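Breakdown of the fold
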Amino acid sequence: PWLLVASVYEEKAIERTLYLPAGAHWYNFWTGDIYPGGTTMTVPAPLETYPLFIREGALLPILKDDGLQINVYPFISDGTSDFSLYDDDGETNDFCDPTKKSFDLEKLTLSCKSSQIDLGTTLIHGEAKKVRWHFPINEKRPYHVNSALS
C-alpha cells in the first residue's frame, strides 16, 4: 500500500504517535519531508491536516481543476514501481458493454536511479490522458517521460 493515514481517534488530540512500516521511506503528504521506515514518531495532527504519509515509489493521481496531476514520490535511491490508471464516465455501466468498451486504461511506470528519474506511460485501452507530473519540492534529479527529458 502507498498510503498511510493515521486517523486521530482521541478527542481534542493535537498530535498522533504512529509507526512508519520498515522497508521503505515515507513522505509527509503535507510538507514533503521524508522519513525512514521502521520508526515510531509523534506528528502534529490538527483537524485540517491529518497525518498522511506516502510510501516512496507511489504514483498518486489527483484530479485538479485544470486537469489530472500525478504526484510522484520517487524512491530515495534505486527502485521501480508501476500503477494502472483507469478512468470511465463514472455514471453508466458502458465500461462493461463489449460493444462500447468506454473506458481508458494506461500503465504508468516509475524507475529511479541516483542520477535521474524515468517515467513511462503505456496506453492499454481508450485514450491517453494528458497529465501533469508533480514532484516533492526537495526532489532535484532530472526526470524523463517516455525517454524525453522534461
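Above this note sits the structure.
The shown structure was predicted, so the numbers you read here are calculated from the model rather than taken from an experiment.

A few points about the pattern of salt bridges
Under the definition given, this model contains four salt bridges. Of the charged contacts, one joins R141 and E139 as a salt bridge, the two residues approaching to 2.8 Å between their closest N and O atoms. Judged by its relative accessible area of 18%, E139 falls in the buried class. Linked by salt bridges that have partners in common, D87, D104 and K129 make up one network.

A word on the nonpolar core
Of all hydrophobic cores here, the largest spans 21 residues; its most connected members are I54, L59, I70, V72, L110, L119 and W133. Examining the composition of this core, we find that four residues originate from one element, strand β8 (residues 67–73), more than from any other. If sequence neighbours within four positions are ignored, V72 has contacts with A58, L59, L110, L119, W133, H134, F135 and P136. With nine residues, the next largest nonpolar core counts A6, L18, L20 and A24 among its residues.

A word on the pairing of strand β10 (residues 103–112)
Only one face of β10 is buried, namely the one carrying D104, E106, L108, L110 and C112, since none of F103, L105, K107, T109 and S111 on the opposite face is buried. Judged from the eight bridges that link them, β10 and strand β11 (residues 117–125) form a sheet pairing that is antiparallel. Note on β11: the bridge partner recorded for E106 is L123. Count of turn residues in the β10/β11 antiparallel hairpin: four residues.

Some details on the sheet that holds strand β1 (residues 3–5)
Read across the open sheet, the four strands follow the order β1-β6-β3-β4; overall the sheet is antiparallel. Each edge of the sheet is formed by a strand with only one pairing partner; in this case those strands are β1 and β4 (34–36). Mean inter-strand twist for the sheet, computed between neighbouring axes without regard to direction, equals 30°. Of the pairings in the sheet, the one linking strand β3 (residues 25–28) to strand β6 (residues 52–55) comprises three bridges and is antiparallel in character. Among the inter-strand pairings, W26 is bridged to a residue of β6, identified as R55.

Thresholds applied
- Residues numbered from 1 in each chain as written.
- Predicted model: local features only at pLDDT ≥ 70, side-chain atom pairs only at ≥ 80, totals over all residues.
- Heavy atoms only, no water.
- Salt bridge = Lys/Arg side-chain N within 4 Å of Asp/Glu carboxyl O.
- Buried < 20%, exposed > 50% of the residue type's maximum accessible area, 1.4 Å probe, protein only.
- Core = buried A, V, L, I, M, F, W, Y, C linked by side-chain atoms within 4.5 Å.
- Helix = DSSP H or I, 4+ residues; strand = E, 2+ residues; numbered from the N terminus.
- Contact = heavy atoms within 4.5 Å.
- Pairing = 2+ DSSP bridges.
- Axes fitted to C-alpha atoms, helices over the stretch in contact; angles between N-to-C directions.

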